[in-house]
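Residues per chain, in single letters:
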Amino acid sequence: MVREWDPRTASSAEIASLLDTLNAVLTADLPQDPPWRESSLREYLSEVMPGERRISWVAQEEPAADGNPGRILGQVQVLLLGGIGVLEVLVHPSVRRTGLGRTLVKLAARRIRDEGFGSIGVEVVGDTPAVAFYESLGFAREYVETRSVLDLGAVDWPALAEMATGIGAGYHLEFCPGGPPDDVIEAYARAKAEVRDVDDGELRPSSYDPERLRDSLDTLHRRGMKPYIVLAIHEQSGEVAGLTEVVVPAQHPTRADQYDTIVVQDHRGYGIDRAIKARMLLELRSAEPELAEVQTWNAQANEAMLKVNAELGYRPDRDWCEYGVDVAELVHRLDAHP
Ligand SMILES: CC(C)(COP(=O)(O)OP(=O)(O)OC[C@H]1O[C@@H](n2cnc3c(N)ncnc32)[C@H](O)[C@@H]1OP(=O)(O)O)[C@@H](O)C(=O)NCCC(=O)NCCS
């Protein structure tokens with residue numbers, strides 16, 4: 001049975017069942033990734049930025065004879081934002097290649113079309129069945145990043161402590177657990193906006209005006225994801241010269257996600273990138289004792305950042321791709337399929 005599903009009102013048993021399927025998918029496709037926990041999973045699935053909407057469907061077994069609800073073996077969700085529908089599909093490994101993935105995409109694609117959106121985007125992990133799946137549906141690869149993982153157990157901490165202080169005169173670093181303090185929000189947003197103009201075309205959504213930045217931090221908190229920031233402040237002007245963001249999600253708190261790292265154009269060449277990232281790792285070591293790994297995504301063309309990441313101990317893990325398709329074409333293709 002496939003039906004629309006709202007995580008906000010779903011039973012705890014359904015949330016737990018979806019978690020089981022998610023972890024079975026991870027074991028099959030990304031066996032090195034830590035399993036997810038139930039902590040704040042409902043909020044993770046429900047909460048969105050203002051102006052965005054998430055719609056979800058599940059494939060669920062029929063209820064058992066004793067009345068217990070059947071297991072959730074598949075899920076599709078679509079996030080509607082700014083003209084595009086972003087898709088996520090999960091099918092339990094035990095029921096793959098039976099057409100369930102295609103059925104779920106069909107439901108989502110029709111709704112995306114009916115809501116008036118023109119295109120669909122999806123994140124596809126390299127070396128997993130999702131690549132052949134989306135290509136079979138006519139999705140085209142638009143962008144590739146490399147995911148790298150840092151094992152904190154293998155870090156040379158004394159070397160890192162040296163990197164954290166190896167910054168040009170006239171700058172100091174600030175550690176901000178929870179996000180940038182309110183008095184630097186404007187400067188923080190300016191730093192993000194400038195790099196958005198000049199940098200390397202990364203697709204990760206960046207919050208570049210103060211209001212949007214506040215909303216984005218608030219959404220992170222509501223989804224159970226704890227942000228940490230290290231800032232490099234240019235002392236003479238008080239400007240934010242550089243920033244790095246790491247998020248520790250309640251759903252997998254042993255592996256954190258590195259978000260943006262930005263060094264503003266005028267402040268490049270002073271060791272800020274290396275110093276802010278090194279300081280972040282030193283701080284996380286005491287702030288998050290459970291943390292074992294940090295993962296990061298970089299454009300393959302971003303050689304400077306890849307070099308710094310390699311010095312810190314990050315090891316390339318696998319390709320992480322963005323695929324896209326025109327909604328009308330996708331619906332047409334799926335309707336034509338028997
Ligand atoms: C990608 C995924 C959704 C496919 O689900 P599915 O139910 O097995 O897909 P379908 O049975 O509808 O397959 C449709 C078509 O896709 C293609 N396809 C799917 N899996 C494939 C595979 N392993 N190899 C080659 N082609 C494949 C085939 O053309 C297939 O049609 P066919 O079976 O008639 O040949 C599923 O593998 C999945 O959940 N992967 C995890 C996705 C994810 O988001 N992971 C994130 C964390 S890793």
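Residues numbered from 1 in each chain as written. Predicted model: local features only at pLDDT ≥ 70, side-chain atom pairs only at ≥ 80, totals over all residues. Heavy atoms only, no water.

Draft legend 1. Broad picture of the overall build of the chain. In terms of regular secondary structure, the chain is built from ten helices and twelve strands. Taken against the 2.2 N^0.38 rule, which gives 20 Å for 338 residues, the C-alpha radius of gyration of the chain at 21 Å falls within 12% of a compact globule. Principal-axis analysis of the C-alpha atoms gives the chain an extent of 70 × 40 × 35 Å. The proportion of buried residues among the 338 residues of the chain is 50%. (Helix = DSSP H or I, 4+ residues; strand = E, 2+ residues; numbered from the N terminus. Rg over C-alpha atoms; globule rule 2.2 N^0.38 Å. Buried < 20%, exposed > 50% of the residue type's maximum accessible area, 1.4 Å probe, protein only.)

Draft legend 2. The arrangement of the sheet that holds strand S12 (residues 315–326) in detail. The twelve strands are arranged S1-S2-S3-S4-S5-S12-S6-S11-S10-S9-S8-S7 in an open sheet whose pairing can be described as mixed. On the outer flanks of this sheet lie strand S1 (2–4) and strand S7 (171–177), each paired with one strand and no other. Shown here is a sheet whose adjacent strand axes are inclined to one another by a mean of 25°, direction ignored. Against the sheet, helix H4 (residues 129–136) makes contact with strand S4 (84–91), strand S5 (119–125) and S12, and its axis sits at roughly 155° relative to S5, the strand it touches most. (Pairing = 2+ DSSP bridges. Axes fitted to C-alpha atoms, helices over the stretch in contact; angles between N-to-C directions. Contact = heavy atoms within 4.5 Å.)

Draft legend 3. Geometry of the pairing of strand S11 (residues 293–299). Buried residues dominate S11, accounting for six of its seven residues. Across three bridges, strand S10 (residues 255–263) lies against S11 in parallel orientation. The partner of Arg255 across the bridge, within S11, is Glu293. Each parallel crossover has a hand, and the one from S10 via helix H8 (residues 272–287) to S11 is right-handed. (Right-handed = clockwise from strand over helix to strand, strands pointing away.)

Draft legend 4. View of the site of the ligand. The full set close to the ligand counts 18 residues, and Val91, Arg97, Gly99, Gly101 and Arg102 are the nearest of them. The contact in question runs from an oxygen atom of the ligand to an N or O atom on the backbone of Val89, over 3.2 Å. Take Thr98: an N or O atom from its main chain is 3.3 Å from an oxygen atom of the ligand. Relative to its unbound accessible surface of 940 Å², the ligand loses 76% to contact with the protein. In terms of residue count, H4 provides more of the shell around the ligand than any other element does, five residues in total. In the shell around the ligand, the residues fall into ten nonpolar, four polar and four charged. (Near = heavy atom within 4 Å. Polar contact = N/O pair within 3.5 Å; in protein donor to acceptor, adjacent residues only side chain to side chain. Areas by Shrake-Rupley, 256 points an atom, 1.4 Å probe, with all protein chains shown as cover. Nonpolar A, V, L, I, M, F, W, Y, C, P; charged D, E, K, R; others polar.)

Draft legend 5. The arrangement of the packing of helix H5 (residues 157–165) against H8 in detail. Taken N-terminus to C-terminus, the directions of H5 and H8 make an angle of 130°; their axes are 7 Å apart at the nearest point. One element, H5, and the other, H8, form an angle in the oblique class. Judged by the sense of rotation from one axis to the other, the crossing of H5 with H8 is left-handed. Touching Trp157, Leu160, Ala161, Met163 and Ala164 of H5 are Arg274, Ala275, Ala278, Arg279, Leu281, Leu282 and Arg285, all from H8. For the contact of H5 with H8, the class distribution of residues is nine nonpolar, no polar and three charged. (Parallel < 35°, antiparallel > 145°, perpendicular 65-115°, else oblique. Left-handed = near helix turned anticlockwise from the far one by under 90°.)

Draft legend 6. Examining the environment of Glu288 more closely. Inspection of the secondary structure assignment puts Glu288 in the loop between H8 and S11. According to the relative accessible area criterion, Glu288 is buried, its value standing at 9%. Put simply, Glu288 and Ala278 are ten residues apart on the chain and 15 Å apart in space, counted from C-alpha to C-alpha. In this view, Glu288 contacts Lys226, Tyr228 and Val248; residues no more than four positions away in its chain are not counted. A distance of 2.9 Å separates a polar atom in the side chain of Glu288 from a polar atom in the side chain of Lys226.

Draft legend 7. Local environment of unusual backbone geometry. Positive phi, normally seen in glycine, also occurs at Ser40, with a value near 55°. Positionally, Ser40 belongs in the loop between helix H1 (12–29) and helix H2 (41–46). Of note in the backbone geometry, Asp127 takes a positive phi value of approximately 60° without being a glycine. Inspection of the secondary structure puts Asp127 in the loop between S5 and H4.

Draft legend 8. Structural view of the nonpolar core. Counting residues in hydrophobic clusters, the biggest one holds 30 residues, and the most contacted among them are Leu152, Leu160, Ile272, Leu281 and Leu312. Elements supplying a minimum of two residues to this core: H5, S7, strand S8 (225–234), strand S9 (240–249), S10, H8 and helix H9 (303–312). If one sorts the elements of this core by residue count, H8 sits on top with seven residues. (Core = buried A, V, L, I, M, F, W, Y, C linked by side-chain atoms within 4.5 Å.)

Draft legend 9. The environment of Val240, seen in detail. Tracing the backbone shows Val240 in strand S9. For the pair Val240 and Ala191, spaced 49 residues apart in sequence, the C-alpha to C-alpha distance is 6.3 Å. Not counting residues up to four positions away in its chain, the partners in contact with Val240 are Ala187, Tyr188, Ala191, Leu231, Ala232, Ile233 and Val264.

Draft legend 10. Highlighting the confidence of the model for the chain. The pLDDT averaged across the chain works out to 93; a share of 96% of its residues lies at or above 70. Throughout residues 197–205 the model reports pLDDT below 50, and contacts reaching past four residues in sequence, or to other chains, amount to 17 contacts. (pLDDT = per-residue confidence, 0-100.)

Draft legend 11. Fine view of the pattern of salt bridges. Tallying each qualifying case throughout the model produces 26 salt bridges. Residues Arg71 and Glu61 are paired through a salt bridge, measuring 3.0 Å at the closest nitrogen-oxygen approach. Pair noted here: Arg71 is in the loop between strand S2 (53–60) and strand S3 (72–81) and Glu61 is in the loop between S2 and S3, with a separation of ten residues, a long-range link. Among the salt bridges present, the one from Lys192 reaches Glu245, with a minimum N-O distance of 2.7 Å. Pair noted here: Lys192 is in helix H6 (residues 185–198) and Glu245 is in strand S9, with a separation of 53 residues, a long-range link. Since its relative accessible area comes to 5%, Lys192 is described here as buried. By relative accessible area, Glu245 is classed as buried at 9%. Taken together, the shared-partner salt bridges connect Asp33, Arg147, Arg255, Glu293 and Asp317 into one network. (Salt bridge = Lys/Arg side-chain N within 4 Å of Asp/Glu carboxyl O.)

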